[in-house]
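Observations on the model geometry
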Amino acid sequence: MTGFLLPSARLDPHREPPGADGPDLPPVTVLIPFYRETADILRRSAGMLKLLDYPHEKLSVRWLLDARTPDDVAVAEAVAESAGADFAGDLRVVAVPSMTPKAKALNHALRDVGDPFVALYDADTVPDPGQLRQAVTALETRDLDVVDAIELPEPGGDLVNRTTLAQSAAFFGAMEYVNRRTGMHMLLGSSVYFRRTALDAVGPLREDGVEELYEWAVRAAARGVRMGRIVSFSYGTRTSVVGPALRQRTRWIRGQLDIGFRLLAGPPLPPRPRGAVALMTLSLLAQLAVVPVVAGAVRRRALRLPAAALLAGEALRIRRVARDPVWEVLRVGSGWFLLLPFEILESTSAWRAVWELATGRDTWHKVRPESGKGPT
């Protein structure tokens, strides 16, 4: 996860003007991929749909599941059928040829999307009920092609979850700095809303790795696609165990490093996307230095000042993020104080990501229980 030592910018909520209402709202297709998820996650998604403040008859929701796991498809179809009592939109289960990586499933489903707007959510994503309407309004009134929202773990919880909340807030603060400094908007995670024409103009998501939206955003920026953010929260499931949190970050870091090295060594990019990729990659490389410098400072006096400067710089950055009032709703509390130790621990994930890249390993690092290991 990038952001280490990058300055952080405050997120200023953009007041969207009143958009269209009722019958004038455009139709939207919502794509949600599920890879070996439990029925609880499916029910969570179904519960999210009924709360959306958008005319349900204007929504076409596609749950994407791997056709090679027919038991999972059957469970999804049963949950989708029961969801029909509370959700009046068009909810269908689509069995796709492959879900590894997620981009393959999304590209397959996008071929059949005819609506002018497309929303992408992760399996456990629960957006603010008004977020979809806010996103469509932003796309239409701010003359944008793509917008994304802020996705975080659910607020509160134990110390592990509050620490990952703090890190997510610091991450988005750093990305806001990168966006302003380079003039390019980076798409990250889930809760992303597209004009269908933008997806056609840039082309399909890359299917040979993770962090597919990061790579797509760089290509989109090079083509002049207009991207922005709405200050609206989406929430994933809480993280209560350090191990899965670190494994998830290994996957993210591996994907971001792979894209950074490949794009910076490839054909020249326009200045804005090249600057954004360079800053994000340098942030990851800085985090790789944490363990060697801190461990070396224990025995070598010459490394103590660099180690202190490294940690002090990051502590000041965290302090700045913690003072941004936009994060008050997250109830982070002591998570802010534990963020720096967690980032030091996370640097081991960065080294594991480098090892996986160097050895050609493409491990998914599943962080939620599989359907075969939980109740369905």
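Look up a bit, the structure's there.
I will try to describe carefully the structure that is included in this document. (Residues numbered from 1 in each chain as written. Predicted model: local features only at pLDDT ≥ 70, side-chain atom pairs only at ≥ 80, totals over all residues. Heavy atoms only, no water.)

1. Observations regarding the layout of surface pockets
Quantified by volume, the second largest pocket comes out at close to 340 Å³. As for the second largest pocket, its lining consists of 19 residues, of which Asn179, His185, Met227, Gly228 and Arg229 are closest to the centre. At the level of secondary structure, the elements contributing two or more residues to the lining of the second largest pocket comprise helix 5 (159-182), strand 8 (227-236) and helix 9 (271-288). Broken down by element, the lining of the second largest pocket gets its largest block of residues, four residues, from strand 8. The class makeup of the residues in the lining of the second largest pocket is seven nonpolar, five polar and seven charged. (1 Å grid on protein atoms, 1.4 Å probe; cavity = no way out; pocket = protein on both sides within 12 Å on 5 of 7 lines; lining within 4 Å. Points joined across faces, edges and corners; volume = space filled by probe spheres on them. Helix = DSSP H or I, 4+ residues; strand = E, 2+ residues; numbered from the N terminus. Nonpolar A, V, L, I, M, F, W, Y, C, P; charged D, E, K, R; others polar.)

2. Here's the deal with a nonpolar patch on the surface
A contiguous nonpolar surface patch, about 280 Å² in accessible area, is contributed by Phe261, Leu282 and Leu285. Note that Leu282 resides in helix 9. (Patch = residues over 30% accessible without salt bridge, like charges linked within 9 Å, V, L, I, M, F, W, Y side chains within 5 Å. Areas by Shrake-Rupley, 256 points an atom, 1.4 Å probe, with all protein chains shown as cover. Salt bridge = Lys/Arg side-chain N within 4 Å of Asp/Glu carboxyl O.)

3. A look at the environment of Leu59
Considering the arrangement of structural elements, one finds Leu59 in strand 2 (residues 59-66). Residue Leu59 is classed as buried on the basis of its relative accessible area of 1%. Expressed as a C-alpha distance, the spacing of Leu59 and Asp90, which sit 31 residues apart in the sequence, is 6.3 Å. Ignoring anything within four residues of it in the chain, the contact list for Leu59 reads Val28, Leu52, Tyr54, Phe87, Gly89, Asp90 and Leu132. (Buried < 20%, exposed > 50% of the residue type's maximum accessible area, 1.4 Å probe, protein only. Contact = heavy atoms within 4.5 Å.)

4. Overview of the pairing of strand 1 (residues 28-33)
Summarising burial for strand 1: six of the six residues are buried, a large majority. Burial along strand 1 is two-sided: Val28, Val30 and Ile32 facing one way and Thr29, Leu31 and Pro33 facing the other are all buried. Relative to strand 2, strand 1 is paired through six bridges, and the arrangement is parallel. Bridging from a neighbouring strand, Pro33 pairs with Leu64 of strand 2. Relative to strand 4 (residues 117-120), strand 1 runs parallel, the two sharing four bridges. By the bridge assignment, Leu31 is partnered in strand 4 with Leu120. (Pairing = 2+ DSSP bridges.)

5. Regarding unusual backbone geometry
A cis amide bond, omega 0 degrees, links Thr100 with the succeeding residue Pro101. Counting through the fold element by element, Pro101 comes out in the loop between strand 3 (90-96) and helix 3 (102-110). Within the chain, Arg331 stands out as a residue other than glycine whose phi angle is a positive 55 degrees. Examined against the element boundaries, Arg331 turns out to sit in the loop between helix 11 (304-322) and helix 12 (335-359).

6. Overview of the environment of Val136
For Val136, the position within the fold is in helix 4 (residues 131-141). The class of Val136 is buried, set by a relative accessible area of 2%. Through-space distance from the C-alpha of Val136 to that of Val147 is 8.8 Å; in sequence the pair is eleven residues apart.

7. A look at the sheet that holds strand 6 (residues 146-153)
Taking strand neighbours across the sheet as the criterion, the eight strands line up as 3-2-1-4-7-6-8-5 in an open arrangement whose pairing is mixed. In the strand order of this sheet, the two ends are held by strand 3 and strand 5 (126-127), each with one partner. As defined by bridge partners, strand 5 adjoins strand 8 across two bridges and the pair is classed as antiparallel. Bridging from a neighbouring strand, Pro127 pairs with Ser234 of strand 8. Helix 4 rests against strand 1, strand 2, strand 4, strand 5, strand 6, strand 7 (192-195) and strand 8 of the sheet, and its axis sits at about 175 degrees to strand 8. Relative to the sheet, helix 5 contacts strand 6 and strand 8, its axis offset from that of strand 6 by approximately 155 degrees. (Axes fitted to C-alpha atoms, helices over the stretch in contact; angles between N-to-C directions.)

8. Digging into the packing of helix 11 against helix 12
Packing of helix 11 against helix 12 leaves a shortest axis separation of 10 Å and a crossing angle of 140 degrees. Compared by their axis directions, helix 11 and helix 12 come out oblique. Note that helix 11 runs across helix 12; the crossing there is right-handed. On helix 12, the residues that touch Leu311, Glu314, Ala315, Arg317, Ile318, Val321 and Ala322 of helix 11 are Trp336, Leu339, Leu340, Glu343 and Ile344. For the contact of helix 11 with helix 12, the residue count by class is nine nonpolar, no polar and three charged. (Parallel < 35°, antiparallel > 145°, perpendicular 65-115°, else oblique. Left-handed = near helix turned anticlockwise from the far one by under 90°.)

9. Section: the pattern of salt bridges
In the structure shown here, the tally under the stated rule is 24 salt bridges. One salt bridge in this structure joins Arg229 and Asp148, with 3.4 Å as the shortest N-O distance. With Arg229 in strand 8 and Asp148 in strand 6, this residue pair connects regions lying 81 residues apart in the sequence. Considered together, Arg229 and Asp148 belong to a single accessibility category, that of buried residues. Across the salt bridge formed by Arg249 and Glu346, the nearest N and O atoms sit 3.9 Å from each other. In this pair, Arg249 is assigned in helix 8 (residues 242-265) and Glu346 in helix 12, connecting sequence segments 97 residues apart. Of the two residues examined, Arg249 and Glu346, each falls in the buried class. One network of salt bridges, in which partners are shared, links Asp12, Asp148, Glu176, Arg180 and Arg229.

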